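Inside the fold
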Amino acid sequence: MTQKNTLREIEELEDMGITLSDGTRLSARVWRPVDAGDDPVPAILEYLPYRKRDGTCARDALSHPWMAKRGYACIRVDIRGNGDSQGLMEDEYTQQELDDAVEVIHWLAKQPWCSGAVGMMGISWGGFNALQVAAMQPAPLKAIITLCSTVDRYADDIHFKGGCLLNENLGWGATMWCFSSRPPDPALVGDAWREMWLERLRAQPFLPETWLRHQTRDEYWQHGSICEDFSAVKTPTLAISGWGDSYMNTVPHLVDNLQTVVKGINGPWIHKYPHFAIPGPRIGFLQEALRWWDRWLKGIENGVEDEPDYRAYVMDGIAPETKSLFRPGRWIAEQTGSTRHFPMETLHLSDDGLGPKGPLTAQVSTPLHAGMDCGEYGSFWAGPELPGDQRLDDALSVTFDSAPLPQRMDIVGAPRLRLRLSADKPQAQIAVRLNHVLPDGTSARITWGVLNLTHRDSHAAPQALEPGRIYDIAFDLDHIGYRVPAGHRLRVAISSSYWPMIWPAPERATLTLDSGALDLPLRPSGETDEWVFPPEDADPPWKIRTLREESNIRRTEIDKATGHVRLSIIDDAGLVEDLEHGARSGTIAREDWVIHPDDPLSARGSCHWTAETGRGDLSLRTETRCEMWSDAEHFHLKAAIEAYENDTLIYENVKASKIRRNML
């Protein structure tokens, strides 16, 4: 039985100080019932580096006041060294960051307006540290909601995938190089803002360098990876992600491995909260969260623990859209577990295509620009970032097509590829895409996976290949929920490169395939939804005045003189003014990825961010740049930062590093 929630009048505190044991003051934005002092409420913590004052305002406005009106105190904290909080940040998910979070949780539980029960919620960084803090088991933390997060920082984040270096390692590192170097708001921190900013700039770490010094799964990556000990998480956990994101594997991993109450939802969405994400259908995430908090923070017996373990959206197979607003499909519900119990159908790779077992004599040595239609690793900005028509990439790859399907096929889970192969070089990569081929020839990517073949046995201790030796390898493609219509075909596309998704091996290799099979997790098809979510709901949007409209550009170019292929990306988030407190904020992100189809050492990535903020006559701006290239033995990194006050340069710094390649 669900308790009816009467809406309560709320108040907002734009800068509640939380002073840690070492004297560092963290800044929190709080929404809570005005009578919470007389009628205490549970606290819900969202703990991020992404700047509550001008970074997460749009989503905060939709979500936190809505929840506060229903009897909760919502606390949005800038982590140490970010936004309006004091201190310095050294890296992502440090023990300092997690210890600070535990202190905040205990502090919240002791406040007179708090009932003593605390929940933790977050997407991406906030979803990561919610899991990591839960594993530390602070007593007041009674439940978490984690969205778009990971259980394995090495194998399933933005750094490495299948032992291959993701270019998102540089791309997201550039994002943080910009985000964390921005100033606090003088209206909140007072005259100390300039010294806080300069101190932050002087100490700013260039994180891609840190991450690239750990190319194997060592203790650095084990820290914060809850897969090291799933049993440490004892709080009830609601996990959510989407097929348009890069963290879809986490939800079934949590459902199948946590030893506490855990429920999982995978929808069609990109890297956004599902009550305002694209592509639709959206769901009433806030209503789902409210029922979760009511059960575990207020003790209301509403039956959430008896609901299906795993609810997933099975998307209808359609022609690819690089920006999708809605995906037709249906919701399925698994009462126990996620997808491990589904039957597997095996299709073999042969000289005749994808189907019955037969001889296989294929060789794979693809041009290094194969993959230009891969889309973003995870769609974060809601631009044209989803994978496009795969036909050009298919033409550069070795492909295996099935016969037209006699009946529709619902693929739900993680397909597994098994191969016997050899390579002619001591280092080599393999990229595999499972595609849906429509009757008109259009090719849509269903799911994909990559493997650094020197990591075939271990991500901790890679071993060089013996050229010419045949190896048995196996790896999973990403989880997916996808319906292929009857009469359409499946295609397995194999390449030895996947640019600009992953950095190429130092030499162009040729792979010889001896045999191969694809195991497909299939679920019986149905016609209707097996679960119905409430419709999306939210509070009124953030009140702003738009000074520059947002825009997204993604362009591929071929230099006919040199043969280089370039992907250029510009994501302009626009410039806005907050109508309540008057601060201006905006960013422009630019990325360039260049490679020559025949030369792996020609690969180069560069990023340039402009971030501006200010109020009245005060204008503050940072320009952050970075680039990466490699030779046969080393990676080379260069990063620069400039800070301006009213267009006067007040700080600049340039960093450069050379890092030895380790089977990468």
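Rules used throughout
- Residues numbered from 1 in each chain as written.
- Predicted model: local features only at pLDDT ≥ 70, side-chain atom pairs only at ≥ 80, totals over all residues.
- Heavy atoms only, no water.
- Phe/Tyr/Trp six-rings, centres within 6.5 Å; stacked < 30°, edge-to-face > 60°.
- Buried < 20%, exposed > 50% of the residue type's maximum accessible area, 1.4 Å probe, protein only.
- Lys NZ or Arg CZ within 6 Å of the ring centre and 35° of its normal.
- Disulfide = S-S within 2.5 Å.
- Helix = DSSP H or I, 4+ residues; strand = E, 2+ residues; numbered from the N terminus.
- Contact = heavy atoms within 4.5 Å.
- Salt bridge = Lys/Arg side-chain N within 4 Å of Asp/Glu carboxyl O.
- Core = buried A, V, L, I, M, F, W, Y, C linked by side-chain atoms within 4.5 Å.

**With respect to the packing of aromatic side chains**
- Summed over all chains, the structure comprises 28 aromatic pairs.
- Ring centres of Trp 499 and Trp 503 lie 5.6 Å apart, and the angle between their planes is 65°; this geometry places the pair in the edge-to-face category.
- Residue class for Trp 499 comes out buried when judged on its relative accessible area of 1%.
- Seen from their ring centres, Trp 531 and Phe 533 are 6.5 Å apart, and the 65° between their planes marks the pair as edge-to-face.
- On the basis of relative accessibility, which here comes to 22%, the residue Trp 531 falls in the partly exposed class.
- An aromatic cluster of three or more residues is present, and its members are Tyr 50, Tyr 93, Trp 125, Phe 128, Trp 172, Phe 179, Tyr 247, Phe 380, Trp 381 and Trp 609.
- For the cation-ring pair, Arg 456 lies above Tyr 471, with the distance from its terminal atom to the ring centre recorded as 4.4 Å.

**Structural notes on the state of the cysteines**
- Counting across every chain of the model gives zero disulfides.
- Distance from the sulfur of Cys 114, which forms no disulfide, to the nearest cysteine sulfur (Cys 74) is 12 Å.
- For Cys 114, a relative accessible area of 6% translates into the label buried.
- No disulfide involves Cys 227; its sulfur sits 18 Å from that of Cys 148, the nearest cysteine.

**Concerning helix α9 (residues 250-257)**
- Those residues of α9 that sit buried are Thr 250, Val 251, Pro 252, Leu 254 and Val 255.
- Close packing links the buried residues of α9 with α3 (125-136), β6 (141-147), β9 (237-242), β10 (262-267) and β11 (310-316).

**Brief notes about the pattern of salt bridges**
- As enumerated under the stated definition, the model contains 56 salt bridges in all.
- Arg 340 is paired through a salt bridge with Asp 256; the nearest N and O atoms lie 3.5 Å apart. Taken together, the residues Arg 340 in the loop between β12 (329-334) and β13 (344-350) and Asp 256 in helix α9 connect sequence positions 84 residues apart.
- What makes Asp 256 partly exposed here is its relative accessible area of 21%.

**A look at the nonpolar core**
- Core analysis: the biggest nonpolar cluster contains 189 residues, and Trp 293 and Ile 430 have the highest contact counts within it.
- Element by element, the count of residues in this core is highest for helix α10 (residues 285-297), at eight residues.
- Discounting residues that sit within four places of it in the chain, Trp 293 has contacts with Ile 44, Met 67, Tyr 72, Gly 119, Met 120, Met 121, Ala 143, Ile 144, Ile 145 and Lys 298.

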